[in-house]
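The residues making up each chain are set out below.
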Amino acid sequence: HYFIQSNLRSIMASENKLSISWKENSWVPHLSPHNVLAYFCQRSNPFYDKTCNNEIAKMQRLNANQLLQMKGVEYTLLHVDEPSDLMIIRKQERHSPSHVVPLANFYILHGTIYQAPDLHHVLNSRLAGALFHLQEALDKTLKMSRYHSNKGHYWSFDPLEPSQEEKLRNEPCSQFQRESVDNLIDILTKKYQHFMLKSGPVAPPPPTTQEQAQDGAQR
C-alpha cells in the first residue's frame, strides 16, 4: 500500500509542470503565429510529448490536413492575441476528424511557455489561500479573549488594552483584600506574641579584628 502511494505521488509530481517554464532565445525575435507551433514542438521543450501525432507527421513529412485523419495526442494553435504577444497551444486527443478531447492548455507570452492550471489546481490554490487567512483570523481573535473575576469571559478588540496577566499584576488590591491581610497579621501577632517578647531586642554583631585594632589605635 505504501509502495503504491509513493509511486502515485512520484507520478503526479512528474506530471505536474505548473511550476516550470521553457524558452528558446534564438526563436524569440522571429516568433509569429505562423511558426509558433513549430517552436512549441521542439524536442527540448519539457511540455512537448515526443510520441504525439505532430512528431510523427514531422518525421514522415505529412501536411496539417493529414493530421485530421490520425488518432491520438496532438497539439494545435488555439488562440492568438498579437497586441499582447500572447498565443495559446492546446494539447488534445483526436478520436475522429470532427471529435477531439482537450487535455491541457499552454500559453506563450513573449516567447516563454507556461502550462495553464486546470480547474482542480485553481480551486485547490484558492481554498488553501482562504483557509490560511481564516486560520490567521482565528489566531488573532483568540488573542482578544479576556477573563475577569467580575465579568467572566469577554472579548476585547482594543489593541492597547493590556493582557489579563498584566492587569492582575498592576491592579491595586481592593478594600476587602487589605482588610483580610490586616486581620491575618493581627491574628498571627496575637498568637505568637510570647515568642516575640522572649526573643527581646536583637544584639549587635561582635566587632571584627580590624575594628578592634582601629579602636585601640585611637585610644
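Residues numbered from 1 in each chain as written. Predicted model: local features only at pLDDT ≥ 70, side-chain atom pairs only at ≥ 80, totals over all residues. Heavy atoms only, no water.

1. Overview of the overall build of the protein
Then, in step 1: Across its full length, the protein holds 9 helices and 6 strands.
Then, in step 2: Here the protein holds 219 residues, and 17% of them are scored as buried.
Then, in step 3: Counting only contacts in the protein whose residues sit at least 6 apart along the sequence, the fraction spanning at least 24 positions is 36%.
Then, in step 4: When the accessible area of the protein is evaluated, it comes to approximately 17,300 Å², of which 58% is carbon and sulfur surface. (Helix = DSSP H or I, 4+ residues; strand = E, 2+ residues; numbered from the N terminus. Buried < 20%, exposed > 50% of the residue type's maximum accessible area, 1.4 Å probe, protein only. Contact = heavy atoms within 4.5 Å. Areas by Shrake-Rupley, 256 points an atom, 1.4 Å probe, with all protein chains shown as cover.)

2. Focus: the pattern of salt bridges
Then, in step 1: On inspection of all chains with the given rule, the structure shows 3 salt bridges.
Then, in step 2: Between R43 and E55 there is a salt bridge; the shortest N-O distance is 2.7 Å. Placement of R43 in the loop between α2 (36–40) and α3 (53–60) and of E55 in helix α3 is noted, with a sequence separation of 12 residues between them.
Then, in step 3: In this structure, R94 engages E74 in a salt bridge whose closest nitrogen and oxygen atoms are separated by 2.9 Å. Taken together, the residues R94 in strand β2 (residues 86–96) and E74 in strand β1 (residues 72–81) connect sequence positions 20 residues apart.
Then, in step 4: Judged by relative accessible area, which is 7%, R94 ranks as buried.
Then, in step 5: Here E74 falls in the buried class, since its relative accessible area comes to 4%.
Then, in step 6: The network of salt bridges with common partners includes R43, E55 and K58. (Salt bridge = Lys/Arg side-chain N within 4 Å of Asp/Glu carboxyl O.)

3. Here's the deal with the nonpolar core
Then, in step 1: Ranked by internal contacts, the top residues of the largest apolar core, which has 16 residues, are F40, Y75, F106, I108 and I113.
Then, in step 2: At the level of secondary structure, the elements contributing two or more residues to this core comprise α2, β2 and β3 (99–109).
Then, in step 3: Every residue in contact with I108, bar those within four places of it in the chain, is listed here: L31, V36, Y39, D85, L86, M87, I89 and I113. (Core = buried A, V, L, I, M, F, W, Y, C linked by side-chain atoms within 4.5 Å.)

4. Examining the environment of K58
Then, in step 1: Here K58 shows up in helix α3.
Then, in step 2: C-alpha separation for the pair K58 and A38, spaced 20 residues apart in sequence, amounts to 9.6 Å.

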